[in-house]
Amino acid sequence: MKPGLNAVVKLVNTIRSRGLTHRQFRDFLQSVQSEYSDVLYYTKVRWLSVGCVFERVWQLKDDIVSFFHDKQCSVVCEMLEDTERLSDFAFFTDLLCHMNNLNVKMQGKNQFIDDIWAHLKDFKQKLNLFAGQLAKNDLSHFSR
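To start, this report covers the structure provided alongside it. (Residues numbered from 1 in each chain as written. Predicted model: local features only at pLDDT ≥ 70, side-chain atom pairs only at ≥ 80, totals over all residues. Heavy atoms only, no water.)

### What about the overall build of the protein?
Line of reasoning, step 1. Along the protein, the regular secondary structure elements total six helices and zero strands.
Line of reasoning, step 2. Counting helices and strands in the order they occur from the N terminus, the protein gives α-α-α-α-α-α.
Line of reasoning, step 3. Its C-alpha atoms give the protein principal-axis dimensions of about 50 × 40 × 25 Å.
Line of reasoning, step 4. Counting only residues that meet the buried cut, the protein has 37% of its 144 residues in that class. (Helix = DSSP H or I, 4+ residues; strand = E, 2+ residues; numbered from the N terminus. Buried < 20%, exposed > 50% of the residue type's maximum accessible area, 1.4 Å probe, protein only.)

### Comments concerning the packing of aromatic side chains
Line of reasoning, step 1. Per the counting criterion, the structure on display carries eight aromatic pairs.
Line of reasoning, step 2. Plain terms: the ring middles of Phe28 and Phe67 are 5.7 Å apart, the flat faces sit at 55° to each other, and that makes the pair tilted. Of this pair, Phe28 sits in helix 2 (residues 19–31) while Phe67 sits in helix 4 (residues 61–70), and the two are 39 residues apart along the sequence. Each member of the pair Phe28 and Phe67 is classed as buried.
Line of reasoning, step 3. Taken together, a centroid distance of 5.6 Å and an interplanar angle of 50° make the contact between Trp58 and Phe89 tilted. With a gap of 31 residues between them, Trp58 in helix 3 (residues 50–59) and Phe89 in helix 5 (residues 83–106) connect regions that are remote in the sequence.
Line of reasoning, step 4. Residue class for Phe89 comes out buried when judged on its relative accessible area of 3%.
Line of reasoning, step 5. A network of ring pairs unites the aromatic residues Phe25, Phe28, Phe67 and Phe68 as a single cluster.
Line of reasoning, step 6. Just above the ring of Trp58 sits the side chain of Lys61; from NZ or CZ to the centre is 4.3 Å. (Phe/Tyr/Trp six-rings, centres within 6.5 Å; stacked < 30°, edge-to-face > 60°. Lys NZ or Arg CZ within 6 Å of the ring centre and 35° of its normal.)

### Let's talk about the environment of Ser49
Line of reasoning, step 1. Position of Ser49 among the secondary structure elements: in the loop between helix 2 and helix 3.
Line of reasoning, step 2. The sequence separation of Ser49 and Ile64 amounts to 15 residues, and the corresponding C-alpha distance is 20 Å.

### Section: a negative patch on the surface
Line of reasoning, step 1. Residues Glu78, Glu81, Asp82, Glu84 and Asp88 make up a contiguous surface patch of negative charge.
Line of reasoning, step 2. In this structure, Glu84 sits in helix 5.
Line of reasoning, step 3. Look at Glu84 and you get exposed, because its relative accessible area is 58%. (Patch = residues over 30% accessible without salt bridge, like charges linked within 9 Å, V, L, I, M, F, W, Y side chains within 5 Å. Areas by Shrake-Rupley, 256 points an atom, 1.4 Å probe, with all protein chains shown as cover. Salt bridge = Lys/Arg side-chain N within 4 Å of Asp/Glu carboxyl O. Lys, Arg positive; Asp, Glu negative; His and termini not counted. Charge placed at Lys NZ, Arg CZ, Asp CG, Glu CD.)

### Describing the packing of helix 5 against helix 6 (residues 113–135)
Line of reasoning, step 1. Two elements in contact, helix 5 and helix 6, have axes separated by 9 Å at closest approach and are oriented at 160°. When the interaxial angle is binned, helix 5 and helix 6 end up roughly antiparallel. Crossing handedness for the pair helix 5 and helix 6: right-handed. Mapping the contact onto sequence places Phe91, Leu95, His98, Met99, Leu102, Lys105 and Met106 in helix 5 and Ile116, His119, Leu120, Phe123, Lys126, Leu127, Phe130 and Leu134 in helix 6.
Line of reasoning, step 2. Its residues assigned to classes, the contact of helix 5 with helix 6 comprises 11 nonpolar, two polar and two charged. (Axes fitted to C-alpha atoms, helices over the stretch in contact; angles between N-to-C directions. Parallel < 35°, antiparallel > 145°, perpendicular 65-115°, else oblique. Left-handed = near helix turned anticlockwise from the far one by under 90°. Contact = heavy atoms within 4.5 Å. Nonpolar A, V, L, I, M, F, W, Y, C, P; charged D, E, K, R; others polar.)

Given below as structure tokens:
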């Protein structure tokens with residue numbers, strides 16, 4: 001998972017860290033009438049948001065590829081064009097979304113420890129279910 005995370009972080013940082021590139025990317029998204037106006041920024045401090053970053057990059061992957069091809073920088077987005085790496089990226093995006101759902105369930109006011117423990121036990125059972133389904137090539141819980 002670490003190489004996939006590093007590739008996505010590098011891609012997002014390539015877009016967000018340079019002011020001109022970032023403005024051009026936002027203008028590009030606006031010109032193609034994308035549903036989203038920007039990619040989400042990832043930092044290690046907000047590591048729980050990595051699922052949201054992965055999901056946004058997944059949703060914008062075609063636009064990102066088009067943008068970097070227009071700029072003749074296709075090396076930056078090679079992860080989004082390689083089918084094997086793209087399937088790993090899709091799997092990790094789905095898995096991180098399941099983990100984000102757990103994180104959201106565990107947050108909030110008026111949660112007792114037994115509620116949080118129940119969420120963790122449910123997630124552990126869900127992981128066992130996923131493992132059994134993946135062994136049978138059943139990808140019903142991994143839509144991407």
